[in-house]
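# Coordinate analysis (summary)
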Amino acid sequence: IKMMQNWIIKGAVNCTHKLHLLMAEYASLSDDPVSVKKGYDKAIAACRRMGFMQYEALSCERAGVYFKEVAKDNDYAEEYFKQAYESYQRWGASAKCEQLVNLYPCLRRHIRDIRNSWMGTSVRAIENYSTQDFGRHTNTSFFPESDQFE
């Protein structure tokens, strides 16, 4: 940790997110869930700010593991696992997403909610798109007039 702090002081700011993650992991050895949460939140924010999706996902996952297994706080754990799943998904790590779902069944409900919201949006969009709207957006100038067939 001290070595990374020196790197950052010397200008290697692209490892700030890793330092925050290491500090959160170190804090997780203590018996202070509030400081652990602050540490993971700093790591997650640094990853987002710097665009490191894979480390954002890892930080969220590690926070979830801590709150599930050590702090025994399932609400925080579930929230962090959701963020981890979404981050891994944005990164394109579908196998990791599948692993998370298998390890943490609470994610199944989250995925179902996401799919339902997508389906609901699609159904509402179709219902709102009436035939009148279709006619207004269709160029009918290429259709022959009906009297041309007589």
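The following refers to the structure shown. All residue numbers refer to position in the chain's written sequence, counted from 1. Thresholds applied to this predicted model are a pLDDT of at least 70 for local features of residues and 80 or more for the giving and counting of side-chain atom pairs; totals over whole chains, interfaces and linings are not thresholded and use all residues. Computation of side-chain values covers all heavy atoms of the structure but excludes hydrogens and water.

## Here's the deal with a nonpolar patch on the surface
Any residue with relative accessible area above 30% and no salt bridge may belong to a patch, with like charges joined within 9 Å and the nonpolar Val, Leu, Ile, Met, Phe, Trp and Tyr side chains within 5 Å. For the area figures, the Shrake-Rupley method with a 1.4 Å probe applies, and any residue is considered shielded solely by the protein chains shown. Think of a salt bridge as a Lys or Arg side-chain nitrogen and an Asp or Glu carboxyl oxygen that are within 4 Å of each other. On the surface, I1, L22, M23, Y26 and L29 cluster together into a nonpolar patch covering about 540 Å² of accessible area. You can see L22 is positioned in helix α2 (residues 16–27). Between buried and exposed lies partly exposed: a residue is buried under 20% and exposed over 50% of the maximum accessible area for its type, with that area taken using a 1.4 Å probe on protein chains only. When its relative accessible area of 38% is taken as the criterion, L22 is described as partly exposed. To qualify as a helix, a DSSP run of H or I must reach at least 4 residues; to qualify as a strand, a run of E must reach at least 2; elements of each kind are numbered from the N terminus.

## Thoughts on helix α5 (residues 74–91)
Look at α5: 25 Å from first C-alpha to last across 18 residues, which is about the 26 Å you get at 1.5 Å a residue. Within α5, burial applies to A77, E78, Y80, F81, Q83, A84, Y85, S87 and Y88. Between the side-chain oxygen of the N-cap and the backbone nitrogen of D75 there are 3.2 Å, and the N-cap of α5 in question is D73. Of the residues flanking the end of α5, it is G92, one or two places downstream, whose phi is positive at about 95°. Expected helix span is taken as 1.5 Å per residue step, with the number of steps being one fewer than the number of residues. Any pair of N or O atoms that falls within 3.5 Å is considered a polar contact. Within protein, one atom must be able to donate a hydrogen and the other to accept it, and sequence-neighbouring residues count only if both atoms are side-chain atoms.

## Quick notes on the packing of aromatic side chains
Only centres within 6.5 Å qualify two rings of Phe, Tyr or Trp (six-membered ring in Trp) as a pair; their planes then separate them into stacked at under 30 degrees, edge-to-face at over 60, and tilted for everything else. Counted under the stated rule, the structure contains 6 aromatic pairs. A ring pair is formed by F67 and Y76, whose centres lie 5.1 Å apart and whose planes are at 55°; its orientation type is tilted. Measuring from centroid to centroid gives 5.7 Å for F67 and Y80, while their planes differ by 15°, and the two rings are stacked. Taken together, the positions of F67 in helix α4 (residues 53–70) and Y80 in helix α5 put the pair 13 residues apart, joining distant regions of the chain. Through pairs of rings, three or more aromatic residues link up here, namely Y40, Y66, F67, Y76 and Y80.

## Details of the nonpolar core
The term nonpolar core refers to a set of buried residues drawn from Ala, Val, Leu, Ile, Met, Phe, Trp, Tyr and Cys, joined through side-chain atoms within 4.5 Å. By size, the foremost hydrophobic cluster in this structure holds 26 residues, and its most contacted members are Y40, F81, Y85, Y88, L100, Y104 and L107. Only α2, α3 (33–50), α4, α5, α6 (94–103) and α7 (106–128) provide two or more residues apiece to this core. Two residues form a contact once any of their heavy atoms are found within 4.5 Å. Sequence-distant contacts of L100, that is, excluding residues within four places in its chain, are made with E61, A84, Y85, Y88 and L107.

## Structural notes on the packing of α3 against α5
Any two packed helices are characterised by the angle at which their axes cross and by the distance between the axes. In this analysis an axis means a line fitted to C-alpha atoms, helices contributing only their contacting stretch, and an angle means the value between N-to-C directions, from 0 to 180 degrees. Running from amino to carboxyl end, α3 crosses α5 at an angle of 15°, the nearest separation of the two axes being 13 Å. Classified by the angle between their axes, α3 and α5 sit roughly parallel to one another. Relative to α5, α3 is oriented so that their crossing is left-handed. Of α5, the residues touching α3 (which contributes K37, D41, I44 and R48) are Y76, Y80 and Q83. When residues are sorted by character, Ala, Val, Leu, Ile, Met, Phe, Trp, Tyr, Cys and Pro go into the nonpolar class, Asp, Glu, Lys and Arg into the charged class, and all the rest, Gly among them, into the polar class. Taken together, the residues of the contact of α3 with α5 break down into 3 nonpolar, 1 polar and 3 charged. An angle below 35 degrees is treated as roughly parallel, one above 145 as roughly antiparallel, one from 65 to 115 as roughly perpendicular, and anything else as oblique. By convention the crossing between two helices is left-handed if the near helix lies anticlockwise of the far one by an angle smaller than a right angle, and right-handed if it lies clockwise.

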